[in-house]
Amino acid sequence: MKNKCFLKQRAALFVMLIMGAATAGAQQVLELNYKVNVENEVIRRYMREVSYMPGEPSRINDYKPYDGIVVYYPNPLVIDVPYYRTDSLQIVCCDATTHGDSIVYDVFTEDNKVTLYNLIPQRTYYYEVKDHGGQLLQKGQILTSGQVRMIRVDGKAFNVRDLGGMINVDGLRIRYGKLFRGSELNWAYEATPEGLAMLRQLGVDAEIDMRNYREAIDNQAQSGVSVFGFTNSNNTPAGEVPTYLYTNDSGMIPSNMDTYLWKYKWRQEFEFIVNNLRQGRGIYYHCIYGRDRTGYLSFLLEGLLGVPYNELIKDYELSFMFSGIDKKEQIDETFDFIDNMEGATLRDRFNSYFRIKLGVSQENIDFFCAEMLEEVPEEQENPFTPTTGITATPQSASSLSTPCYDLQGRRISDAQPRRGLLLQADGQGGYRKVISSRQR
């Protein structure tokens, strides 16, 4: 009799397990939508509260970050993942309209939450959460707001941001995902392999290194170094990246605006940007801290795109916020130099500087402006319109490797996985190749 009862109990338990498994298999995928302002809190206040006129003193030191705020990181999105029994997930986000600008996050869960960085402001994203077996666990949409897109790069890199988001005098917006600026990504401010992979995933496929030779070299190997394609460490994604090296000396002062060497270098940098944009590459440009040299190039590019004075100055000062340095008087002197160029408007005077002083063609200027500017889309009445059937297919970091190109965008070498190929300006409008002999 006891055996019969035991067998009945085992049979009932087996049926319950089968029914439970069937119920779990039929469980609907959780759908959650989110809204987030991805702009850093301190930067958001500074950009909205400060308005400058020429000659006014700087207010940057009124916005020193307080405890708990890292001024060069974006505001993250925290997603709830309440029921998962796995410590590792993959989250894929893509533009809900174009299915482009995809970002893949491999994340660890903490207290049933995951934190996502580096989304583009003013976008509606579709996202999916999967376990590493590929099972879809959660989906939904994310509505982002803000303007300044700071970029978090794992490691010691800082002051990294997208040039996009600013509105010019015609009401056009600088496109996100084209030009990125920031600190060096090796040596003192080295990015991790994951940080470099994230930048590649965000679209960075070319690099302008504005450090001078002694700032950029490997002091042990005495060989030139660029971050993405040619560095002699294991922190580099596979393959080579078009790179323009050793472009500027240390320091930046207004008197350089009419110095031949600086004008030559700015022309080379601009042509490098144009040629790589023509081939669909995003560009990361940097010095050491991403402030002076990087700030001056950004100032010139933004002025050419028609950004008004107030926004030009604030964006330049933004790079110094974390250090408390005041450079407004210096950048105002630079502005005065541009403002004395010929032209009816400020944008015309920047155009004159590029054509007359730098020797840039109007064709390249027109292409640059057309490529970098876009209409500001009207806000959607209901950004969380149900979306089905979207499968995000982002490129992996390894699939983005490219051969090496010269300043005109011409292919000059195939990828060399064990030897670094550098491009160094020869001072006469050309370039020379420098081979690094140290193996990675």
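Residues numbered from 1 in each chain as written. Predicted model: local features only at pLDDT ≥ 70, side-chain atom pairs only at ≥ 80, totals over all residues. Heavy atoms only, no water.

*Asks:* How should the packing of helix α8 (residues 328–339) against helix α9 (residues 346–357) be read in this particular structure?
*Replies:* What describes two packed helices is the angle between their axes and the distance between those same axes. Relative orientation of the contacting elements α8 and α9 amounts to 80°, with a least axis distance of 8 Å. Relative to α9, the element α8 lies roughly perpendicular. Facing α8, whose interface residues are Phe335, Phe337, Ile338 and Asp339, α9 presents Leu346, Arg349, Phe350, Tyr353 and Lys357. When grouped by side-chain class, the residues that make up the contact of α8 with α9 number six nonpolar, no polar and three charged. (Axes fitted to C-alpha atoms, helices over the stretch in contact; angles between N-to-C directions. Helix = DSSP H or I, 4+ residues; strand = E, 2+ residues; numbered from the N terminus. Parallel < 35°, antiparallel > 145°, perpendicular 65-115°, else oblique. Contact = heavy atoms within 4.5 Å. Nonpolar A, V, L, I, M, F, W, Y, C, P; charged D, E, K, R; others polar.)

*Asks:* Is there a simple way to think about the side chain of Arg149 in this case?
*Replies:* Mapped onto the elements of the fold, Arg149 is located in the loop between β8 (136–145) and β9 (161–162). A relative accessible area of 3% means that Arg149 is categorised as buried. A distance of 2.7 Å separates the side chain of Arg149 from the backbone oxygen of Asn118, its partner in a polar contact. In this view, Arg149 contacts Asn118, Leu119, Ile120, Pro121, Arg161, Asp162, Tyr176, Gly177, Phe180 and Leu202; residues no more than four positions away in its chain are not counted. (Buried < 20%, exposed > 50% of the residue type's maximum accessible area, 1.4 Å probe, protein only. Polar contact = N/O pair within 3.5 Å; in protein donor to acceptor, adjacent residues only side chain to side chain.)

*Asks:* It is not clear to me how empty space enclosed by the protein should be interpreted in this structure. Could you clarify?
*Replies:* Rolled over the atoms, a probe sized like a water molecule indicates the empty space that remains. Across all of its chains, the model carries five cavities of 30 Å³ or more by this definition. In this model, the largest cavity occupies a volume close to 90 Å³. As for the largest cavity, its lining consists of Met47, Gln147, Val148, Arg161, Asp162, Leu163, Gly164, Gly165, Met166, Arg181, Glu302 and Asp315. (1 Å grid on protein atoms, 1.4 Å probe; cavity = no way out; pocket = protein on both sides within 12 Å on 5 of 7 lines; lining within 4 Å. Points joined across faces, edges and corners; volume = space filled by probe spheres on them.)

*Asks:* Even after reading the chapter, I still don't get unusual backbone geometry, so can you show me in this structure?
*Replies:* Note on backbone geometry: most residues besides glycine have negative phi, and most peptide bonds are trans. One non-glycine residue, Asn159, lies in the positive phi region at around 60°. Looking at where Asn159 falls in the secondary structure, it is placed in the loop between β8 and β9. Phi at Trp187 takes a positive value of approximately 55°, unusual for a residue other than glycine.

*Asks:* Explain the pairing of strand β4 (residues 88–95) here, please?
*Replies:* A regular strand carries its side chains on alternate faces of the sheet. Within β4, seven of the eight residues are buried, leaving the element largely enclosed by the surrounding structure. Of the strand pairs in this sheet, β4 and strand β5 (residues 103–108) are connected by six bridges, and their pairing is antiparallel. Bridge pairing in β5 places Val92 opposite Val104. Bridging between β4 and strand β7 (residues 124–130) involves six bridges; their strand directions are antiparallel. The residue of β7 that forms the bridge with Val92 is Glu128. (Pairing = 2+ DSSP bridges.)

*Asks:* In this structure, what is going on with the confidence of the model for the protein chain? I would like to understand it.
*Replies:* Interpreting fine coordinate detail is not advised for predicted regions of low pLDDT. Looking at the protein chain as a whole, its pLDDT mean stands at 77, while 70% of the residues score no less than 70. For residues 10–26, every residue scores under 50 in pLDDT, and the model assigns this stretch zero contacts once sequence neighbours within four places are set aside. Confidence over residues 380–440 falls short of pLDDT 50; this stretch has 140 contacts with residues more than four positions distant or in other chains. (pLDDT = per-residue confidence, 0-100.)

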